[in-house]
Amino acid sequence: MSRFDEVIAEHCPNGVPVQRLGDIAQLVRGNGMPKTDLTTEGVGAIHYGQIYTRYGTWATETFSFVTPETAARLAHAEHGDIVITNTSENIEDVGKAVAWLGDCPVVTGGHATVIKHQQDPKYLAYWFQSEAFYLQKRALATGTKVIDVSARQLAKVRIPAPPLEVQHEIVRILDRFSELEAELEAELEA
């Protein structure tokens, strides 16, 4: 029996509960923050377009900033929150998520939602990359040229919500897999 099997047997003897995201998290829709608001210093800012072009599964630093005055009117993400895109030109990028693991709060604007929760943030961020989420977001998405999955629609998504001990073990395994993948890519490039 693997370590994962042991953790599941101990913490989920009757199976993994599945819940609506809206039942285990608060979703705060961003507003505003066009690219023209971005600066090179100030309050850390995650622009929705950067989530699918520059960020990975989690982040501790931002690529952009906004002035404190601009930050005051934007949605705030604290350590552990998820920032997820609501809008994209394609179904693959809409719903891309990044777990904010930095020390200071950051802000985000329109076309993004901050997910505040009590789950393992990396577990959620990894789950938002899953086929199970992809199928659900595809069914909830609206639009043809610009694809949108609103915060209200995201709240309907059903997610496996095992106890934190199980989530931590899943994250440990996926983090290790990601490390091995990065090492392999580095070797192939060399």
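The coordinates are above.
Keep in mind that what you see is a predicted model, and the values were worked out from it rather than measured. Residue indices follow the written sequence of each chain, beginning from 1 at its first position. This being a predicted model, a pLDDT of at least 70 is required before a residue's local features are given, and a value of 80 or more before pairs of side-chain atoms are given or counted; all residues contribute to the totals for chains, interfaces and linings. Remark: hydrogens and water are excluded; side-chain values derive from all non-hydrogen atoms of the structure.

Student: Any chance you could explain a negative patch on the surface here in plain terms?
Tutor: What goes into a patch is any residue over 30% in relative accessible area without a salt bridge, connected to like charges within 9 Å or, for nonpolar side chains (Val, Leu, Ile, Met, Phe, Trp, Tyr), within 5 Å. Residue-level accessible areas treat just the shown protein chains as cover; the underlying method is Shrake-Rupley with a 1.4 Å probe. Any Lys or Arg side-chain nitrogen located within 4 Å of an Asp or Glu carboxyl oxygen qualifies as a salt bridge. Counted as positive: Lys and Arg. Counted as negative: Asp and Glu, with His and the chain ends omitted from the count. Charged groups are reduced to one reference atom each: NZ for lysine, CZ for arginine, CG for aspartic acid, CD for glutamic acid. There is a patch of like negative charges on the surface, built from Asp 5, Glu 6, Glu 10 and Glu 165. In DSSP terms, a helix is any run of H or I states spanning at least four residues, a strand is any run of E spanning at least two, and both are numbered starting from the N terminus. Ranked by residues supplied to the negative patch, first place goes to helix H1 (residues 3–11) with three residues. Here Glu 10 lies in helix H1.

Student: Honestly, the pattern of salt bridges in this entry has me stumped. Any pointers?
Tutor: Once their charged atoms are close, side chains differing in charge can pair, the charge on each being opposite to the other. Counted under the stated rule, the structure contains seven salt bridges. For Arg 20, the salt bridge goes to Asp 23, with nearest N and O atoms at 3.6 Å. Using a relative accessible area of 56% as the deciding quantity, one classes Asp 23 as exposed. Residue Arg 73 pairs with Asp 37 through a salt bridge whose shortest N-O separation is 2.8 Å. Relative accessible area decides the class of each residue, using a 1.4 Å probe on protein chains only: under 20% of the type maximum gives buried, over 50% gives exposed, and in between gives partly exposed.

Student: Just checking my understanding: could you explain the pairing of strand E9 (residues 97–100) for this structure?
Tutor: Along a regular strand, successive side chains alternate from one face of the sheet to the other. Alternating residues of E9 divide into Ala 97 and Ala 99 and Val 98 and Trp 100, and every residue in both groups is buried. Strands are treated as partners if at least two bridges between them are detected by DSSP. One ladder, built from two bridges, connects strand E4 (residues 58–59) with E9; its direction is parallel. Note on E9: the bridge partner recorded for Trp 58 is Ala 99. Across three bridges, strand E7 (residues 82–85) lies against E9 in antiparallel orientation. Of the residues in E9, the one forming a bridge with Ile 84 is Ala 97.

Student: Where do I start with the side chain of Thr 62 in this structure?
Tutor: Residue placement: Thr 62 occurs in the loop between E4 and strand E5 (64–66). Nitrogen and oxygen atoms within 3.5 Å of one another constitute a polar contact, given that in protein one can donate a hydrogen and the other can accept it, and given that sequence-neighbouring residues count only through two side-chain atoms. There is a polar contact of 2.8 Å between the side chain of Thr 62 and the backbone oxygen of Ser 64. For this analysis, residues touch if any pair of their heavy atoms sits within 4.5 Å. Setting aside anything within four residues of it in sequence, one finds Thr 62 in contact with Gly 44, Ala 45, Ile 46, Tyr 55, Trp 100 and Val 106.

Student: Teacher, can you tell me more about the pairing of strand E3 (residues 43–46) here?
Tutor: As paired elements, E3 and E5 share three bridges and run antiparallel to each other. By the bridge assignment for E5, Val 43 is matched with Val 66. In terms of strand pairing, E3 meets strand E10 (residues 106–108) through two bridges, oriented parallel. Note on E10: the bridge partner recorded for Ile 46 is Thr 108.

Student: Could you clarify how one ought to interpret the sheet that holds E5 in this entry?
Tutor: Note: strands within a sheet are paired through backbone hydrogen bonds, in either parallel or antiparallel orientation. As summarised here, the arrangement of the four strands in space is E5-E3-E10-E6, forming an open sheet in which the pairing is mixed. The open sheet terminates on both sides in strands that have one partner only, identified here as E5 and strand E6 (75–77). Strand-to-strand, the axes of this sheet are offset by a mean angle of 45°, without reference to chain direction. Orientation is described by axes fitted as lines to C-alpha atoms, over the contacting stretch for helices, and by angles from 0 to 180 degrees between their N-to-C directions.

Student: I tried to follow the nonpolar core on my own but got confused; where do I start?
Tutor: One recurring pattern in soluble globular proteins is that nonpolar side chains are buried together. Within this scheme, the nonpolar core is defined by two criteria: the residues are buried Ala, Val, Leu, Ile, Met, Phe, Trp, Tyr or Cys, and they are joined through side-chain atoms within 4.5 Å. Ranked by size, the top nonpolar core spans 28 residues in total, and within it Ile 82, Ile 115 and Phe 128 carry the most contacts. The leading source of residues in this core is helix H5 (residues 121–127), at five residues. Ignoring sequence-local partners within four residues, the contact set of Ile 82 consists of Ala 97, Val 98, Ala 99, Thr 113, Val 114, Ile 115, His 117, Pro 121, Leu 124, Ala 125 and Phe 128.

Student: Got a minute to help me understand the packing of aromatic side chains in this structure?
Tutor: Given two aromatic rings, one states the distance between the centres and the angle between the planes to describe the pair. Only Phe, Tyr and Trp rings are paired, with Trp represented by its six-membered ring, and only when their centres lie within 6.5 Å; those with planes under 30 degrees apart are stacked, over 60 edge-to-face, the remainder tilted. With the rule as written, the count across this model stands at five aromatic pairs. Between Trp 127 and Phe 128, the aromatic rings sit 5.6 Å apart at their centres with planes inclined by 70°, giving edge-to-face as the arrangement. As far as the burial class goes, Trp 127 and Phe 128 line up, both buried. Here the aromatic rings of Phe 128 and Phe 133 are separated by 4.9 Å at their centres, their planes lie at 85°, and the arrangement is edge-to-face. Residue Phe 133 is classed as buried on the basis of its relative accessible area, which comes to 1%. Through successive ring pairs, a cluster of aromatic residues spans Trp 127, Phe 128 and Phe 133. One cation-aromatic arrangement involves Arg 54 over Phe 63; the distance from NZ or CZ to the ring centre is 4.0 Å. Criterion for a charge above a ring: Lys NZ or Arg CZ within 6 Å of the ring centre, and within 35 degrees of the ring normal.

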